[in-house]
Amino acid sequence: MLGAAGRMGRLCVRAAVQSAGMSVAGAVTREGDPRVGEDSGELAGIGFIGVPIVTDLGEVLTPGRVLVDFSVPAVLPAALRLAAERRCPAVIGTTGLKAPERAAIESAGEAVPVVAAPNMAVGVNVVFNLIARAARSLGPGFDMEIVELHHRRKKDAPSGTAERMAEILAEARGLSHDGIVRAREGLIGPRGDGEIGVAALRGGEVVGEHTVLFIGSTERVEIIHRAGNRDSFAEGAMRAARWVSAPGRRPGVYSMQDVLET
Ligand code: NAD
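Residues numbered from 1 in each chain as written. Predicted model: local features only at pLDDT ≥ 70, side-chain atom pairs only at ≥ 80, totals over all residues. Heavy atoms only, no water.

## What to know about the sheet that holds strand 9 (residues 209-215)
As summarised here, the arrangement of the five strands in space is 7-8-6-9-10, forming an open sheet in which the pairing is mixed. Strands with a single pairing partner mark the edges of an open sheet, and in this sheet they are strand 7 (180-181) and strand 10 (220-226). Here strand 9 runs beside strand 10; their pairing, made up of seven bridges, is antiparallel. Paired with Glu-209 across the two strands is Arg-226, which belongs to strand 10. Relative to the sheet, helix 7 (residues 160-173) contacts strand 6 (143-150), strand 7, strand 8 (196-202) and strand 9, its axis offset from that of strand 6 by approximately 170°. (Pairing = 2+ DSSP bridges. Helix = DSSP H or I, 4+ residues; strand = E, 2+ residues; numbered from the N terminus. Contact = heavy atoms within 4.5 Å. Axes fitted to C-alpha atoms, helices over the stretch in contact; angles between N-to-C directions.)

Next comes the structure, spelled out in structure tokens:
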């Protein structure tokens, strides 16, 4: 587990220990982290598991193990090189990746199977499939709009998931991403045919809700995803770890769609 002392890392440690047939083989954090030496299970709130937090990935990523990462982009090139050298499959959850990290994922994917996904929640990925299918089947007679609702502390808007949903809708309908309208106000005139509206609402403690509306002249379809808590990401990561390490899995770069559908 790379990033084992972080919020997602601790949830993944707990999810791995609680998943049948899985265990935590190593727990890695950054140099200088005050939690080095602590037991990763105790840090995750599940009691002693005998796997201390260390700083050297090379010490724990040995052949036969899977690299699961929720850390920071800068560590990925070296971590993925090591995974490729040691023939360890990888699950990459870290977001905000730029060209060097994307190139590192592609390069590791030539040697080992790698699942990389900015949102590992199983339900969200199923919704991604459903909205693409609905967009294609319902066709241009249905206007497409997205509403997302998050807690009052969220820093960015619209959410990365809403942005991804808008891209999926555009691609499914063959529309330009330029038609994605992130807010409307004032005298905007009639809605354009190629528009996909995205509205962001904020309030309270809502973990995350996304509603995709397909609005026709005689009927309306709404597809809604409501997140309960961050455990859904860790559960998705465990599912990806199991999938990526299945016997016979070929090298390549895979998404959560691959994990869920094959
Ligand atoms: P966090 O800040 O709580 O944890 C990140 C951890 O990485 C920290 O403990 C930090 O010490 C550690 N770290 C930093 N440098 C390191 C290094 N050199 N080696 C090892 N560990 C190092 O953040 P978080 O909320 O756990 O999120 C981590 C990442 O996962 C973010 O990029 C976040 O956006 C992403 N994320 C992805 C999903 C998903 O479904 N894919 C879901 C939630 C969060």
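## Digging into the nonpolar core
Core analysis: the largest hydrophobic core is formed by 31 residues, its most contacted members being Met-1, Cys-12, Phe-70, Val-91, Val-115, Met-120 and Met-256. At the level of elements, helix 1 (7-18), helix 8 (231-244) and helix 9 (256-261) are the ones that each hand at least two residues to this core. If you tally residues by element for this core, the top one is helix 8, at seven residues. When residues no more than four places from it in sequence are discounted, the contact partners of Cys-12 are Met-1, Phe-70, Ala-234, Ala-237 and Met-238. Of all hydrophobic cores here, the second largest spans 24 residues; its members include Val-124, Ala-132, Ala-166 and Val-212. (Core = buried A, V, L, I, M, F, W, Y, C linked by side-chain atoms within 4.5 Å. Buried < 20%, exposed > 50% of the residue type's maximum accessible area, 1.4 Å probe, protein only.)

## Section: the pattern of salt bridges
Evaluated as defined, the whole model comprises 13 salt bridges. For Arg-191, the salt bridge is made with Asp-143, and the minimal N-O distance between the two is 3.3 Å. Taken together, the residues Arg-191 in the loop between strand 7 and strand 8 and Asp-143 in strand 6 connect sequence positions 48 residues apart. Judged by its relative accessible area of 26%, Arg-191 falls in the partly exposed class. Of the charged contacts in the structure, one is a salt bridge between Arg-164 and Glu-167, with a shortest N-O distance of 2.9 Å. Taken together, the residues Arg-164 and Glu-167, both in helix 7 and three residues apart, mark about one turn of the helix. If you follow the salt bridges from partner to partner, you end up with Asp-143, Glu-145, Arg-184, Arg-191 and Glu-195 in one network. (Salt bridge = Lys/Arg side-chain N within 4 Å of Asp/Glu carboxyl O.)

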